[in-house]
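# Working through the structure, step by step
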Amino acid sequence: EAGVTQSPTHLIKTRGQQATLRCSPISGHTSVYWYQQALGLGLQFLLWYDEGEERNRGNFPPRFSGRQFPNYSSELNVNALELEDSALYLCASSLIQGGEKLFFGSGTQLSVL
Amino acid sequence: RKEVEQDPGPFNVPEGATVAFNCTYSNSASQSFFWYRQDCRKEPKLLMSVYSSGNEDGRFTAQLNRASQYISLLIRDSKLSDSATYLCVVNMYGGSQGNLIFGKGTKLSVKP
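Residues numbered from 1 in each chain as written. Chains lettered and ligands numbered in written order. Predicted model: local features only at pLDDT ≥ 70, side-chain atom pairs only at ≥ 80, totals over all residues. Heavy atoms only, no water.

## Things to note about the sheet that holds strand β3 (residues 19-25) of chain B
Residue and element names in this part refer to chain B. This is how the line gets drawn: Any two strands with at least two DSSP-identified bridges between them are counted as paired. Every helix listed is a DSSP run of H or I at least four residues long, and every strand listed is a run of E at least two residues long, numbered separately from the N terminus. Note on geometry: axes are C-alpha line fits, over the in-contact stretch for helices, and angles between N-to-C directions span 0 to 180 degrees.
Pairing is antiparallel across the open sheet formed by 5 strands, whose spatial order is β1-β3-β8-β7-β6. On the outer flanks of this sheet lie β1 (4-6) and β6 (55-57), each paired with one strand and no other. Sheet twist, expressed as the average angle between the axes of neighbouring strands with direction ignored, equals 20°. Relative to strand β8 (residues 70-75), β3 is paired through 6 bridges, and the arrangement is antiparallel. The partner of T24 across the bridge, within β8, is Y70.

## Quick word on the nonpolar core
The line we're drawing: By convention a nonpolar core is built from buried Ala, Val, Leu, Ile, Met, Phe, Trp, Tyr and Cys residues, the set being connected through side-chain atoms within 4.5 Å. Three labels apply to residues, based on accessible area from a 1.4 Å probe with only protein chains included: buried if under 20% of the type maximum, exposed if over 50%, partly exposed otherwise in between. In this analysis, two residues are considered to be in contact whenever any of their non-hydrogen atoms come within 4.5 Å of each other.
Core analysis: the biggest nonpolar cluster contains 25 residues, and F21(B), W35(B), I71(B), L73(B), I75(B), Y86(B) and L108(B) have the highest contact counts within it. Contributing elements (two or more residues each) for this core: β3, β4 (32-38), β5 (44-50), β7 (60-65), β8, β9 (84-91) and β11 (106-111) of chain B. Other than its neighbours up to four places away in sequence, L73(B) contacts V19(B), A20(B), F21(B), W35(B), L47(B), M48(B), F60(B), T61(B) and Y86(B). Core analysis: the second largest hydrophobic core is formed by 22 residues, A19(A), W34(A), L47(A) and Y89(A) among them.

## Looking at the side chain of S31(A)
Residues and elements named next belong to chain A. What counts, and what does not: Here a polar contact means two N or O atoms within 3.5 Å. Within protein one must be a hydrogen donor candidate and the other an acceptor candidate, and residues neighboring in sequence count only if both atoms are side-chain atoms.
Within the secondary structure, S31 sits in strand β4 (residues 31-37). A relative accessible area of 0% places S31 in the buried class. In this structure the side chain of S31 is engaged in a polar contact, spanning 3.1 Å, whose partner is the side chain of W48. Here D50 takes part through its side chain, which lies 2.6 Å from a polar atom of the side chain of S31.

If you want it as C-alpha cells, here you go:
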C-alpha cells in the first residue's frame, strides 16, 4: 500500500513568489494535515482538511492557504513568500477524523531566496 | 509555559544503556498522547501511543502521569538504530480541533 506522497521534494523560490505544494494521502484516509518544520523548531500545525472542507488552521497568516480535492489529495499554497517561510513542509493523513495517529509524507523542502 | 516541552538533549549513550525522556504538557484536559520518532532529514513516524495505565512495546515503555502532566519514554538495551529524535505529541484540544501539538524533540545518539 502506498504511503503519503508529497511533491515536489524540493522547491526553490524567491521572495514575493508563490509556492504550491501537493499531497496525496493514504488510500482510504480522508483527513489531511499540513505542518511546517523550520530548522531548529518543532512541527507547527498549519491546516487540517477533511472531506473537502477546511476544519481548522494554525496560527499562520492568510497567505498560507490550501484546499482538498474530491479524491482527498490536497494542495498547500503560500503566497508572497518571505525568507522565513523556508522550511520542511510535511503533509500527514489519518484514518480517523481529528488526527489521532498521523502518517507523514517525506515532505517538501521549500527554500526562499 | 510552552504547550509541550521536552529536553532537547542530545542524549549520548552507549549501546545497551537504558535511557529515559520526559515531556511536560500545559493543558490538563489533554486527551491523548503519543511518541513519534524522526530520523535525520526524514518524516516523523508513530512509535507508540501512551495509555493511562502505561504500556510497553518490546524495549520501549511509555508512561503517563496526569497529575503532574508529563509523559515519559524509557528505552532499554539501546541499539545503534535507536539514534533519532523522539517527539512528544499531545492531542491537546480533542478531535474536534484536529491538530496534534508536537514538542521540539529530544535527540538520542547511541554510540558503539
